[in-house]
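Close look at the chain arrangement
Okay, here's what each chain looks like letter by letter:
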Amino acid sequence: MIKVIEVSSDSNIGGAGKCILTFLRTFDREKFDVCLVLPKGSLLKAEAEKYKIKIFEIEHLAEKSLDIKAISRLKKLFRRLQPDVVHTHASMSARIAAKLCGVRIVYTRHSVFPPPKRISRGLGRKVNGFVNNHTADRIIAVAEAAKDNLTATGIDEQKISVILNGVDALAPMAEDKKAAARSALGIPEGVKVAAIVARLNAVKGHKDFVEAARILKARGMETRFVIAGTGEMEDAIREQIRENQLEDTVIMTGFLKDVAPLMNVLDVQVNCSFGTEATSLSLLEGMSLGKPAVVTDFGGNPGVIKDGENGYLVPVHEPEILADRIEKLFRDDEEYRRMSENAKKIYQETFTAVVNTRKIEKIYAALCADEVGGRIDESEI
């Protein structure tokens, strides 16, 4: 039995938290003994408790990568629990504590963003590479673009495994329930729907999404563009909708606790990110239902959407091209059917929760079979 401690510094449930919950739901309990370390008061605790694992709450861990007091507390905990592997999700405190205890360390990079010059050039790159190479036996990048970010900051490529995120498939809804979901969202029967599910941050590109809605309305198409999520850009997006008289076209739902009804009624999922995007969990959920997508060619999006196969890739900040691709999927039934079938096939082959979890488990097992953590067969991951 391999003892693993998962560590998160998140107080809320974001993408990394959802990935942790997916792992806790699907890991092999006959081979692995897993517990979770969280900051006091984390919203992850209530969700993680459903999976009957031990959870430890640590002070000074919340929303901080590095904190001296957290290191001290984590070190005491690790020495008491004596894990074989500590898997950290953005917590440098946990990595240092595990290193001081002589425990094997896995670190997952969940995000993609251009690395700052201070750690990607000269002395800063060397220092960053040294620190990260010595506080991780293995690094998981959730997208090829995430791996590129890491190597650009001096991290040894040989330490990195790319493991794309996985999710549980959403259940298809019966037609009467889909009709009810459309009605609840204010979407008329027969009208095509594009939707973006993402926090309302500037880098998620919602303004380009709204502009694409304006373009298609100007072309005479009756559509609905749905924005699901909350965030600091909400007021600015609402103002853009008002200025362009799109109240009859763009629907803002706010936060949706359950996205399954929206995923079932949308025709095309959209992702307009241009500043940070790894492997979008919402794209994977849509693919499980056979929903094609139109996404920017930024970050991890090209690792999920293959241009011309299960959707289209478009350049960032090109709403005209974005509108063109959405319109093609709305109008070309044969193309839509082909991409829908491909979306389900690619999801089943690559992006299920179980596929993702088994790959992570192979990392743990390989590290425990090799004291120095250096001989991992990438072809098996």
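Residues numbered from 1 in each chain as written. Predicted model: local features only at pLDDT ≥ 70, side-chain atom pairs only at ≥ 80, totals over all residues. Heavy atoms only, no water.

Here we look at the nonpolar core
Counting residues in each nonpolar core, the largest one holds 32 residues, and the members touching the most others are Phe225, Ile227 and Ile326. Sort the elements by how many residues they give to this core and helix H9 (residues 206-218) lands first, with 6 residues. Counting 24 residues, the second largest nonpolar core, distinct from the first, contains Phe27, Leu38, Val106 and Ile163. (Core = buried A, V, L, I, M, F, W, Y, C linked by side-chain atoms within 4.5 Å. Buried < 20%, exposed > 50% of the residue type's maximum accessible area, 1.4 Å probe, protein only. Helix = DSSP H or I, 4+ residues; strand = E, 2+ residues; numbered from the N terminus.)

Some thoughts on the pairing of strand E4 (residues 85-89)
Judged by how many residues are buried, E4 sits mostly within the fold: 5 of 5 residues are covered. Of the two faces of E4, both are covered, the one formed by Val85, His87 and His89 as well as the one formed by Val86 and Thr88. In this sheet, E4 lies alongside strand E1 (residues 2-8) in parallel orientation, the contact comprising 5 bridges. When the sheet's bridge partners are listed, Ser8 is paired in E4 with His89. Sheet topology places E4 next to strand E5 (residues 104-109); 4 bridges connect them, and they run parallel. Within E5, the residue paired with Val86 across the bridge is Ile105. Each parallel crossover has a hand, and the one from E4 via helix H4 (residues 92-100) to E5 is right-handed. (Pairing = 2+ DSSP bridges. Right-handed = clockwise from strand over helix to strand, strands pointing away.)

Focus: the layout of surface pockets
Regions of empty space are outlined by a rolling probe, equal in size to a water molecule, passed over the atoms. There is about 260 Å³ of room inside the second largest pocket. Residue lining of the second largest pocket: 17 residues in total, with Lys178, Arg182, Asn264, Val265 and Asp267 positioned closest to the centre. The set of elements that each furnish at least two residues to the lining of the second largest pocket consists of helix H8 (175-185), helix H11 (260-265) and helix H15 (333-350). Ranked by the residues each element gives to the lining of the second largest pocket, the list is headed by H8, at 4 residues. Among the residues forming the lining of the second largest pocket, the class breakdown is 6 nonpolar, 4 polar and 7 charged. (1 Å grid on protein atoms, 1.4 Å probe; cavity = no way out; pocket = protein on both sides within 12 Å on 5 of 7 lines; lining within 4 Å. Points joined across faces, edges and corners; volume = space filled by probe spheres on them. Nonpolar A, V, L, I, M, F, W, Y, C, P; charged D, E, K, R; others polar.)

A closer look at unusual backbone geometry
If a residue is not glycine, its phi is most likely negative; likewise, a peptide bond is most likely trans. With a phi close to 55°, Lys52 is a non-glycine residue in the positive phi region. On the secondary structure map, Lys52 appears in the loop between helix H2 (44-48) and strand E3 (54-58). Even without being glycine, Glu63 reaches a positive phi, approximately 55°. For Glu63, the position within the fold is in the loop between E3 and helix H3 (68-81).

Side note on the side chain of His206
In this fold, His206 is placed in helix H9. In this structure His206 comes out as buried when scored by relative accessible area, which is 2%. Every residue in contact with His206, bar those within four places of it in the chain, is listed here: Ile196, Ala198, Arg199, Leu200, Asn201, Ile227 and Ile237. (Contact = heavy atoms within 4.5 Å.)

What to know about empty space enclosed by the protein
One pass over the structure, following the stated rule, counts 2 cavities of 30 Å³ or more. Around the largest cavity, the lining is made up of 15 residues, and of these Cys19, His89, His110, Asn356 and Ile360 lie nearest the centre. Of all the secondary-structure elements, those providing two or more residues to the lining of the largest cavity are helix H1 (15-26), E4 and helix H16 (353-369). Classifying every residue of the lining of the largest cavity gives 8 nonpolar, 6 polar and 1 charged. Approximately 40 Å³ is the volume attributed to the second largest cavity. Along the walls of the second largest cavity sit Asp208, Cys272, Thr296, Val314, Pro315, Val316, His317, Glu318, Pro319 and Leu322, which together make up its complete lining. Looking at the lining of the second largest cavity, its residues break down into 6 nonpolar, 2 polar and 2 charged.

Things to note about the pattern of salt bridges
Where charged atoms from two side chains of opposite charge approach closely, those side chains can pair. A complete count under the given rule lists 22 salt bridges for this structure. For Lys50, the salt bridge identified is with Glu47, shortest N-O distance 2.9 Å. On the basis of relative accessibility, which here comes to 29%, the residue Glu47 falls in the partly exposed class. A salt bridge links Asp248 to Lys217, with the nearest nitrogen and oxygen atoms 3.0 Å apart. Residue Asp248 is found in the loop between helix H10 (234-243) and strand E10 (250-254), and its partner Lys217 is found in helix H9; the two are separated by 31 residues along the sequence. Here Asp248 falls in the partly exposed class, since its relative accessible area comes to 43%. With relative accessibility at 30%, the residue Lys217 sits in the partly exposed group. Beyond isolated ion pairs, a larger network of salt bridges with shared partners links Arg219, Glu320, Asp324, Glu327 and Arg331. (Salt bridge = Lys/Arg side-chain N within 4 Å of Asp/Glu carboxyl O.)

Side note on helix H7 (residues 144-152)
The complete set of buried residues in H7 reads Ala145, Ala146, Lys147, Asn149 and Leu150. Tucked into the core, H7 has its buried residues touching E5, strand E6 (138-141) and strand E7 (160-162). Positive phi shows up at Gly154, right after H7, with a value of about 90°.

Description of the side chain of Ser9
In this structure, Ser9 sits in the loop between E1 and H1. A residue is classified by how much of its surface remains accessible, and Ser9, at 4% relative accessible area, is buried. Residues within four places of Ser9 in sequence aside, it is in contact with Pro39, Leu61, Ala62, Glu63, Lys64, His89 and Ala90.

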